[in-house]
Each structure stands twice: as structure tokens, then as C-alpha cells.
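Descriptive structure summary
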Amino acid sequence: KQWYQRRVRGDVVVSSEVVEHVPCITSFVGECAKRVKPGGGLMFTTINRTMTSWALAIIAAENIAGYVPPGTHDYHKLVPPQVLTGAIRDCGFEIETIVGMRFNPLTRQWSKTSDLSVNYAVTARKIG
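To start, this report covers the structure provided alongside it. (Residues numbered from 1 in each chain as written. Predicted model: local features only at pLDDT ≥ 70, side-chain atom pairs only at ≥ 80, totals over all residues. Heavy atoms only, no water.)

In this section: the packing of helix α1 (residues 25-34) against helix α3 (residues 81-90). Two elements in contact, α1 and α3, have axes whose closest approach is 9 Å; the angle formed by their N-to-C orientations is 45 degrees. By the criterion of interaxial angle, the relationship of α1 to α3 is oblique. Every pair of crossing elements has a handedness; the one defined by α1 and α3 is right-handed. Judged by residue contacts, I25, T26 and V29 of α1 engage V83, L84, A87 and I88 from α3. Of the residues belonging to the contact of α1 with α3, the class tally is six nonpolar, one polar and no charged. (Axes fitted to C-alpha atoms, helices over the stretch in contact; angles between N-to-C directions. Helix = DSSP H or I, 4+ residues; strand = E, 2+ residues; numbered from the N terminus. Parallel < 35°, antiparallel > 145°, perpendicular 65-115°, else oblique. Left-handed = near helix turned anticlockwise from the far one by under 90°. Contact = heavy atoms within 4.5 Å. Nonpolar A, V, L, I, M, F, W, Y, C, P; charged D, E, K, R; others polar.)

Our next topic: the nonpolar core. Formed by 19 residues in total, the largest nonpolar core has its most connected members in I25, V29, L42, F44, L84, I88 and F93. Listing elements by their share of this core, those giving two or more residues are α1, β2 (36-47), α3, β3 (93-104) and β5 (119-126). Counting residues per element, this core draws most heavily on α1, which supplies four residues. For L42, the contacting residues outside a window of four places in its chain are V13, C32, A33, V36, I88, F93, V122, T123 and A124. (Core = buried A, V, L, I, M, F, W, Y, C linked by side-chain atoms within 4.5 Å. Buried < 20%, exposed > 50% of the residue type's maximum accessible area, 1.4 Å probe, protein only.)

Mapping E62 onto the fold places it in helix α2 (residues 51-64). Residues E62 and D115 lie 53 residues apart in sequence; the distance between their C-alpha atoms is 21 Å. Setting aside anything within four residues of it in sequence, one finds E62 in contact with A57, V68, P69, P70, G71, T72 and H73. Side-chain polar atoms of E62 contact the backbone nitrogen of G71, separated by 2.8 Å. (Polar contact = N/O pair within 3.5 Å; in protein donor to acceptor, adjacent residues only side chain to side chain.)

This brings us to the pattern of salt bridges. Summed over all chains, the structure comprises four salt bridges. Between K34 and E31 there is a salt bridge, with its nearest N and O atoms 3.0 Å apart. Of this pair, K34 and E31 both sit in helix α1, three residues apart, which is roughly one turn of the helix. For K34, a relative accessible area of 46% corresponds to the partly exposed category. When salt bridges that share partners are traced, they join E31, K34 and R35 into one network. (Salt bridge = Lys/Arg side-chain N within 4 Å of Asp/Glu carboxyl O.)

For strand β1 (residues 10-16) and β2, the ladder comprises six bridges, and the chain directions are parallel. Paired with S15 across the two strands is F44, which belongs to β2. For the handedness criterion, the β-α-β arrangement of β1, α1 and β2 is classed as right-handed. Looking at chain direction, β2 and β5 are connected through seven bridges and run antiparallel. Paired with T46 across the two strands is Y120, which belongs to β5. (Pairing = 2+ DSSP bridges. Right-handed = clockwise from strand over helix to strand, strands pointing away.)

The subject of this paragraph is the pairing of β5. When you tally the buried positions in β5, you get six out of eight residues, the bulk of the element. Bridging between β3 and β5 involves eight bridges; their strand directions are antiparallel. Among the inter-strand pairings, F93 is bridged to a residue of β5, identified as K126.

Shown next, in the form of C-alpha cells:
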């Protein structure tokens, strides 16, 4: 069986740059949440749905710089923070942090930022 069919549970479940590709965010978050032990955590990274993210994550990263293949991201599937955090809270988690992530194409390094307009990360702790 695949890991997701075995109902394996862990202390932390991390989903990095996946949620913007799934057909149903609430179902996906729910399946991730089921795999977290009581008191454990969730972490998601994704792309916000803004004009800035469209320009940087789709036009620049896909079509100009070629970091990912063109067509990798669909603007309409990008996830505003309030949608993701709402789905996480609905699964019995408390949001701990929301932080922006900025990519520097010159150094090819990521750094934290307070700006959530493009990439961002959310961490949450299971209540109970």
C-alpha cells in the first residue's frame, strides 16, 4: 500500500508547494490533518493568489527564467492565506505562524519576509 492508504500518523506533516496543485484544498488539508498525532504540527508552503504572484511566480519564474516548466501553475488554483488557514482551523488546528518567503534569483537563496504576496508558509499545532 501507498503511505497515504496506510493511515500512518506522525508528529509533523509537511506539504511544500503542493496545495496549489490539488483539486480540493479542504479535502487535501483534511487528509494531511488526519496523519498528525495529537499535539503534532502541520506545515504548508504555497503561493498566494495576487497580481504580484502572477507576475513573479508564473510569468517570471515559469515563462522568463524557466525555474519550472510553463503551465506548472494555474493562477486560479493559487491559495490566499485566509483560505488555507481556514481549512487548517476547520480541522482542529491552531495557526502558529504565517510568514512570507522571498526568492533571490541572483543568489538563488530563500529568505523569510513579512510580505505574503507571493510565497508563504503556515505552521499549525493540533489542538487536544
